[in-house]
Amino acid sequence: MEFVSEPTTLSSTSHREIAADLLERHFGYKTFRPQQFEVIDHVLRGKDAVVLMPTGGGKSLCFQIPALAFEGLTVVISPLIALMKDQVQALQGNGIPAAFLNSSLNFGEERLIHQQLRHGELKLLYVSPERLFQQGFLDQLLEMNVCLFAVDEAHCISSWGHSFRPEYKQLSVLKQRFPQIPVVALTATADRTVRSEIGQLLRMREPRTFISSFDRPNLSLAVLPGQDRWKAIERIMGRHLGKCGIIYCNSRAGAEKLAAKLQGIGVKAAYYHAKLDPEERSRVQDDFIQGKLHVICATIAFGMGIDKSDVRFVIHYNLPGTVEGYYQEIGRAGRDGQPAETILFYSYADVQTHMHFAEEIEDPRYKEVVIAKLDRMKEYAQAQACRRTILLSYFSEESGEACGNCDVCKDPPKYFDGTVVAQKALSAVVRSGQKLPLSVLVDVLKGTHSPAVSENGWQRIKTFGAGHDTTAFAWVQFIQQFIHLGLLEVDYRDHHHLIITRAGEAVLRGERQVGLVSPETIKERQERPKRSRQVVAEPSAAAGNLLAALKELRREIAKQMGKPAYVVFSDASLIDMAEKAPKNIYEFRLVNGVGDHKAAQYADRFLAAIAAHLLS
Ligand code: ADP
Ligand code: ZN
């Protein structure tokens, strides 16, 4: 059974059969990734969903499978023109009729797509928001059998997000004009505040939020002091000889200089930034993907939509402005699941640079957002708690144990039992009705009759002054640790009030202990240089001549077709192919990423190459 009439009332079991069949036939994948099927099942019922998945988690299939299952057209709104083309080419590579409409098309190309639309020949249409709201286009869509809207990069709709797009705000009209059509919004980066806004701003009806784990346990996390960066980088290069990595810099000049220095010590390095012309940019990208270049020194422009699985390290030469951006960038390392190393250099000068830019922002609300985000990044860099726990609690994910794969876990400070200290603060938060920002909480704990305290009558809170014997500085340090440990959260939309989490409630009830680092230890450790640690990536079992031969063949085929290599097969597919070394079409069909279309198109050539290799 190919199509289901939208929306369906079938059971989840039937949905699973339909979805698994489409997954195998069109994409050649055997199993769903976590949360993919749950989202698909929900969308097939015609319901709205907000989907949070880390980069590389497989968001696209969450709407592509329903698009194939539904009878009509799925409209995908995406702000990134370059990625649109990639996705459409990848779909076409799997034999799925898809197209995109954005400002990069010429008149003739555009007319052809409109023709296909009128004839109902397309399953997926990608559009930029500008294009969607161009005059008359929504009316045109009303005439067509639209059955699903997917809003990609959905965090752009929230002005609290780190990349707000004003035209995304208008997407609220989708639900007004197409009230019956389900909407699925997807993002890899949204804190709690942004997440709750997405559903509201899109006017979704009782949306369900799906969150995949953001944890990437194979990535080691470390923060190094910003002094002597070059020496540290030389050491890092030494332990990743011939391996691929990305170094993010905050300026074009910085990226260029660093690339030259690396070339000077014999590293195959290049730089990449927005000022390069498009040809040069795609050359650098291709060379990196094919392993001809090992290290890219880049501004944030690099890495979006690049499907390269064997990036062994990501270095932040400068402090990023937001935790979301940082996490997305380190997420480009170790996508193959093998160990990969991430290092952040932290210097106060970088904080000042960011602050300098922030000061120039005119819109006061936006300025506040930028500064608050920078604060969180700074706190992360300075923190003395397990860094993974901090990151996961930033994305509102509870994590139990310390990770064992970050610099703090590997070289832990001394902790003392801070349960009672925590209970004092948490109880004040609860007794205030969760109405205290951090500085006022310190006043309450210290018993200070500040204006903020007197105006609200906080001196009547039972725990007022309960922490008078601890300095205000120490309280700030402790409260920040409570936030890092996921006991408290900051509600940025509501005056930065502190809110208690489930984990925090458990502490209050005495069900959970809290280990704290003393403010003296924090100071001491921040001043002492840290040792960086050896992380050795294990060579993948598939690494070898066959893989190289398969990559060479992929390159040839892609060149003949005039398409990027990943349209033929992804790295992950080739690795799987090299491991399985299929001898016939049946075995070939079992390789991850080989669907009907690709089997028909490429089996002969790849099987021949594998046979030739096995004979040699
Ligand atoms: P995201 O948009 O979340 O960054 P994508 O949708 O681009 O991620 O998927 C990342 C990669 O994972 C793609 O190469 C995709 O084909 C692959 N992928 C997605 N789902 C699966 C699956 N169920 N099995 C195998 N590979 C998958
Ligand atoms: Zn850790």
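Quick notes on the rules
- Residues numbered from 1 in each chain as written.
- Chains lettered and ligands numbered in written order.
- Predicted model: local features only at pLDDT ≥ 70, side-chain atom pairs only at ≥ 80, totals over all residues.
- Heavy atoms only, no water.
- Donors = N, O, S within 2.8 Å, 3.2 Å for Na, K, Ca; no water.
- Tetrahedral: all angles 85-135°; square planar, octahedral: opposite > 155°, others 65-115°.
- Axes fitted to C-alpha atoms, helices over the stretch in contact; angles between N-to-C directions.
- Helix = DSSP H or I, 4+ residues; strand = E, 2+ residues; numbered from the N terminus.
- Parallel < 35°, antiparallel > 145°, perpendicular 65-115°, else oblique.
- Left-handed = near helix turned anticlockwise from the far one by under 90°.
- Contact = heavy atoms within 4.5 Å.
- Nonpolar A, V, L, I, M, F, W, Y, C, P; charged D, E, K, R; others polar.
- Phe/Tyr/Trp six-rings, centres within 6.5 Å; stacked < 30°, edge-to-face > 60°.
- Buried < 20%, exposed > 50% of the residue type's maximum accessible area, 1.4 Å probe, protein only.
- Pairing = 2+ DSSP bridges.
- Expected span 1.5 Å × (residues − 1).
- Domains from an automatic or database assignment.
- Buried area = accessible area lost by both parts, 1.4 Å probe.
- Salt bridge = Lys/Arg side-chain N within 4 Å of Asp/Glu carboxyl O.
- Polar contact = N/O pair within 3.5 Å; in protein donor to acceptor, adjacent residues only side chain to side chain.

**Brief notes about the coordination of the zinc ion (ligand 2)**
For the zinc ion (ligand 2), the protein coordination sphere consists of Cys-386 (SG), Cys-403 (SG), Cys-406 (SG) and Cys-409 (SG), at 2.3 to 2.4 Å. Classification of the site at the zinc ion (ligand 2) as tetrahedral follows from its four donor atoms and the range of 101 to 118° in their angles at the metal. Donor residues binding the zinc ion (ligand 2) come from one chain and are separated in sequence as C-x16-C-x2-C-x2-C.

**Looking at the packing of helix α19 (residues 419-431) against helix α20 (residues 438-446)**
Viewed as axis vectors pointing N to C, α19 and α20 meet at an angle of 110°, and their least axial separation amounts to 10 Å. Looking at the two axes, α19 sits roughly perpendicular to α20. As α19 runs across α20, the sense of the crossing is right-handed. For the pair α19 and α20, contact is made by Lys-424, Ala-425, Ala-428 and Val-429 and by Leu-441, Val-444 and Leu-445, respectively. Partitioned by chemical class, the residues of the contact of α19 with α20 number six nonpolar, no polar and one charged.

**Points about the packing of aromatic side chains**
What the rule picks out here adds up to 12 aromatic pairs. With a centroid separation of 6.4 Å and an interplanar angle of 65°, the aromatic rings of Phe-63 and Tyr-126 are classed as edge-to-face. You can see Phe-63 sitting in helix α3 (residues 60-69) and its partner Tyr-126 sitting in strand β4 (residues 124-127), a full 63 residues away along the chain. One exposure class covers both Phe-63 and Tyr-126, and it is buried.

**Digging into the pairing of strand β11 (residues 295-298)**
Along β11, one buried face is formed by Val-295 and Cys-297 and the opposite face, lined by Ile-296 and Ala-298, is buried too. Sheet analysis places strand β9 (residues 244-248) next to β11, joined by four bridges and oriented parallel. The residue of β11 that forms the bridge with Tyr-248 is Ala-298. Relative to β11, strand β10 (residues 269-272) runs parallel, the two sharing four bridges. Bridge pairing links Tyr-271 to Cys-297 in β11.

**Structural notes on the sheet that holds strand β5 (residues 146-151)**
Read across the sheet, seven strands follow the order β3-β4-β2-β5-β6-β1-β7 without closing on themselves; strand pairing throughout is parallel. Lying at the two open borders of the sheet, with one neighbouring strand each, are β3 (98-101) and β7 (208-211). Strand-to-strand twist of the sheet, defined as the mean angle between neighbouring strand axes without regard to direction, takes the value 20°. Sheet topology note: the strand β1 (residues 49-52)/β7 ladder contains four bridges and is parallel. Its bridge partner lying in β7, Val-51 is registered against Phe-210.

**Some thoughts on unusual backbone geometry**
With a phi angle near 80°, Gln-35 is a residue other than glycine that sits in the positive phi range. In this fold, Gln-35 is placed in the loop between α1 (12-27) and α2 (36-44). Look at Gln-434: it is not a glycine, yet its phi comes out positive at around 55°. Within the secondary structure, Gln-434 sits in the loop between α19 and α20.

**Digging into helix α22 (residues 472-484)**
Its 13 residues place the ends of α22 18 Å apart at the C-alpha level, agreeing with the 18 Å of an ideal helix rising 1.5 Å per residue. Extensive coverage of α22 is indicated by the burial of 10 of its 13 residues. If you check which residues of α22 are buried, you get Ala-474, Trp-475, Gln-477, Phe-478, Ile-479, Gln-480, Gln-481, Phe-482, Ile-483 and His-484.

**A short note on the sheet that holds β10**
Backbone-to-backbone hydrogen bonds join strands into a sheet, with any given pair of strands oriented parallel or antiparallel. Taken together, the six strands give an open sheet; going across it, the order is β8-β13-β12-β9-β11-β10, and neighbouring strands pair in parallel fashion. Strand pairing shows two members of the sheet lacking a second neighbour, β8 (219-225) and β10, which therefore form its edges. Direction aside, neighbouring strands of the sheet carry axes that sit 15° apart on average. Judged from the four bridges that link them, strand β12 (residues 311-316) and strand β13 (residues 340-346) form a sheet pairing that is parallel. Its bridge partner lying in β13, His-316 is registered against Leu-344. Its contacts with the sheet place helix α12 (residues 252-264) against β9, β10 and β11, and it is angled at close to 175° to β10. Of the strands in this sheet, β8 and β13 are in contact with helix α16 (residues 364-382), which crosses β13 at around 110°.

**With respect to the domain arrangement of the chain**
Segmenting the chain into domains produces domain 1 (7-211), domain 2 (219-382), domain 3 (416-527) and domain 4 (541-615). With centres defined by C-alpha atoms, the gap from domain 1 to domain 4 works out at 30 Å. Domain 1 puts 14 residues into the contact, and the matching count from domain 4 is 15 residues. When the buried surface of domain 1 facing domain 4 is broken down by residue, Lys-30, Gln-89 and Gly-93 rank first, second and third, together holding 38% of it. Connecting domain 1 to domain 4 are one salt bridge. Linking domain 1 with domain 4 are five residue pairs in polar contact (both at pLDDT 80 or more), by the criterion used here. Among the elements of the structure, α1 and α4 (81-93) are those that each provide at least two residues to the side of domain 1 that touches domain 4.

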